[in-house]
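In case you want the letters, here they are:
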Amino acid sequence: MPESQQQPHQPPRNGDAPPEPAALVLGGARLADGRTVDVRLSGGRIEAVGTAGSLVPGPRLDLDGYLLLPAPAEPHAHCDTALTADVAGPVPCAPGDVQRRTVEAALLQLGHGATALRTHVRVGGVHGLRSLEAVLEAGRTLRGLMEVSAVAVPRVLTGTAGADGLAMLRDAVGMGAAVLGGCPDLDPDPTGHAEAVLDLAARHGCAVDLHTDGDDPARLARFAAMAGGLRPGVTIGPCGGLSRLPGTIAGRIAERLAAAGVTVVCLPQGDCAAVEHQGVRGARACACAPVRLLRAAGVRVAAGSGALRDAVNPVGRGDPLEAAFLLASRGGLRPEEAYEAVCERARAAMGLAEVRVEAGFPAELLAVRGDGLAGALSLAYSRVVVHRGRVVARTSAVREYCDSAAAVALDLPRQARPPSGGEQQ
């Protein structure tokens, strides 16, 4: 899979604009509709889509055998606490530690295909705004590779104890937090907590992304009434508690969320620490939000990864294609619907532009080895990731079998090593 005249990426210095990528043709890629095409990228956008072999000459990346898709996005990460499952004792929270973990976790998710990431960061308490500052600095370091936005998440916002959280949330807006968050379930006054976040977001024109288990129908109904019409938008998640409610009650709540325009981000791969219930964690299995019920009511449903190898999920992968795989294999969605949750719906929840493999759209793309979407979700090993028209990550897998009569007779699929000097597929 040779790549002609592509220079290695150099992260921009702080404050510098990312370099303008050179024109590049992705050759011989298969689209989800079955067509095999060439795709020319220029200026960070898709310039042209033509029949295979038609877009020449110029720098070219051969994607024969790959399925070309709009790149997924990660709407619910916790990069500041990621990769800490094996840490003995308290998790190091010095700014340098948080920045390093955030960069490493973001790059892992970029390798999986996510070219945009929203990470939720705890603010307040003994650490104040230091973790948020470190995450924002990590995002600046990653400019040109992927888009990283931060959600400021206070723990308590009501009563005397909530004064510090409110002050931190206001300061977070000035620091550059793109989204205001919170944990109503952990506040003595959950409704007051949500109201405080929504009010501050309305005054500053910020999006809202709240953590809630969603197991209290009255509370969700009140929240939907408060959130209706807020722009630029309101997201809640992971809402696993909705799946434990009777179907009729959950259905009525879903209708209210849909009417209010609230997006639900589910976490098919597991829970996250921000919705922990004191004294309850470990007493019940984590549940994914009832995606089919929500979709049937008209709720916009996106899917995220949640915990990435931390105390909540020590084996979390942070892979959007795994989230889509689980929605298809266990959530009852068709592969196309499952991928929509990690791509189109995730991008919309994050306020990002729509991506299609068509001329004029942003060049945010993921090439996965495979003939179709179902196969790609099943065996998505080799991947090529494009951000702003530039190849920013690759994962190559080589499958080999020993020489045997059985392997030859069955004509087993194989990704062989090239004879010399070539690149593994």
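Please refer to the structure higher up on the page.
Residues numbered from 1 in each chain as written. Predicted model: local features only at pLDDT ≥ 70, side-chain atom pairs only at ≥ 80, totals over all residues. Heavy atoms only, no water.

Trainee: Teacher, can you tell me more about the overall build of the protein chain here?
Mentor: On a plain count of helices and strands, the protein chain comes out with twelve helices and 16 strands. Looking at the protein chain as a whole, 52% of its 425 residues qualify as buried. In the protein chain, once contacts between residues fewer than 6 apart in sequence are set aside, the share between residues at least 24 apart is 73%. Summed over all atoms, the accessible surface of the protein chain reaches about 18,200 Å², with 52% contributed by carbon and sulfur. (Helix = DSSP H or I, 4+ residues; strand = E, 2+ residues; numbered from the N terminus. Buried < 20%, exposed > 50% of the residue type's maximum accessible area, 1.4 Å probe, protein only. Contact = heavy atoms within 4.5 Å. Areas by Shrake-Rupley, 256 points an atom, 1.4 Å probe, with all protein chains shown as cover.)

Trainee: Got a minute to help me understand helix α5 (residues 217–227) in this structure?
Mentor: Along an α-helix, residues three or four positions apart point the same way, because every turn accommodates 3.6 residues. Within the span of α5, buried status applies to Leu220, Ala221, Phe223, Ala224 and Ala227. All buried residues of α5 lie within an arc of 165 degrees about the axis, which places them on one face of the element. If you follow the buried residues of α5, they end up packed against α4 (190–204), β10 (207–212), β11 (234–238) and α6 (247–260). The backbone nitrogen of Ala218 lies 3.2 Å from a side-chain oxygen of the residue at the head of α5, namely Asp216. A positive phi of about 85 degrees marks Gly229, the residue just after α5. (Arc of directions from axis to C-beta. Polar contact = N/O pair within 3.5 Å; in protein donor to acceptor, adjacent residues only side chain to side chain.)

Trainee: I'm lost on the pairing of strand β9 (residues 179–182) in this one. Help?
Mentor: Along any regular strand the residues' side chains alternate between the sheet's two faces. Of the two faces of β9, the one carrying Val179 and Gly181 and the one carrying Leu180 and Gly182 are both buried. Relative to β9, strand β8 (residues 147–153) is paired through two bridges, and the arrangement is parallel. Paired with Val151 across the strands is Val179, a residue of β9. Handedness of the crossover joining β9 and β10 through α4: right-handed. (Pairing = 2+ DSSP bridges. Right-handed = clockwise from strand over helix to strand, strands pointing away.)

Trainee: Which parts of the structure should I look at to understand unusual backbone geometry?
Mentor: Glycine aside, negative phi is the norm for most residues, and most peptide bonds take the trans geometry. Of the consecutive residues Arg231 and Pro232, the connecting peptide bond is found in the cis state with omega at 15 degrees. Take Pro232: it is sitting in the loop between α5 and β11. Put simply, Gly237 and Pro238 share a cis peptide bond, and its omega is 0 degrees. Its place among the elements puts Pro238 in strand β11. In this structure, Arg309 is a non-glycine residue whose phi angle is positive, near 50 degrees. Mapped onto the secondary structure, Arg309 falls in the loop between β13 (300–303) and α8 (320–329). A positive phi angle, close to 55 degrees, is found at Arg388, a residue other than glycine. Following the sequence through the fold, Arg388 ends up in the loop between β15 (383–387) and β16 (390–395). Accessibility expressed as a relative area gives 32% for Arg388, which makes it partly exposed.

Trainee: Looking at this model, I keep getting lost on the sheet that holds β9. Mind explaining?
Mentor: Reading across from one edge, β6-β7-β8-β9-β10-β11-β12-β13 is the order of the eight strands in this open sheet, with parallel pairing throughout. In this open sheet, the two strands that pair with only one neighbour each are β6 (74–77) and β13. Between one strand axis and the next, the sheet turns by 25 degrees as a mean value, whatever way the strands run. Strand direction decides the pairing type here: β10 and β11, joined by five bridges, are parallel. Looking at β11, one finds that Leu210 is bridged to Ile236. Here α4 sits on the sheet and contacts β9, β10 and β11; the angle it forms with β10, its principal contact strand, is near 165 degrees. (Axes fitted to C-alpha atoms, helices over the stretch in contact; angles between N-to-C directions.)

Trainee: What exactly am I supposed to notice about the packing of α4 against α5 here?
Mentor: Packed helix pairs are characterised by how far apart their axes lie and by the angle those axes make with each other. Close contact between α4 and α5 brings their axes to 10 Å; oriented N to C, the two are set at 20 degrees. The angle between α4 and α5 places the two elements in the roughly parallel class. The way α4 lies across α5 gives a crossing that is right-handed. The segment α4 lies against α5, with Pro190, Thr191, Ala194, Glu195 and Leu198 engaging Arg219, Arg222, Phe223, Met226 and Ala227. (Parallel < 35°, antiparallel > 145°, perpendicular 65-115°, else oblique. Left-handed = near helix turned anticlockwise from the far one by under 90°.)

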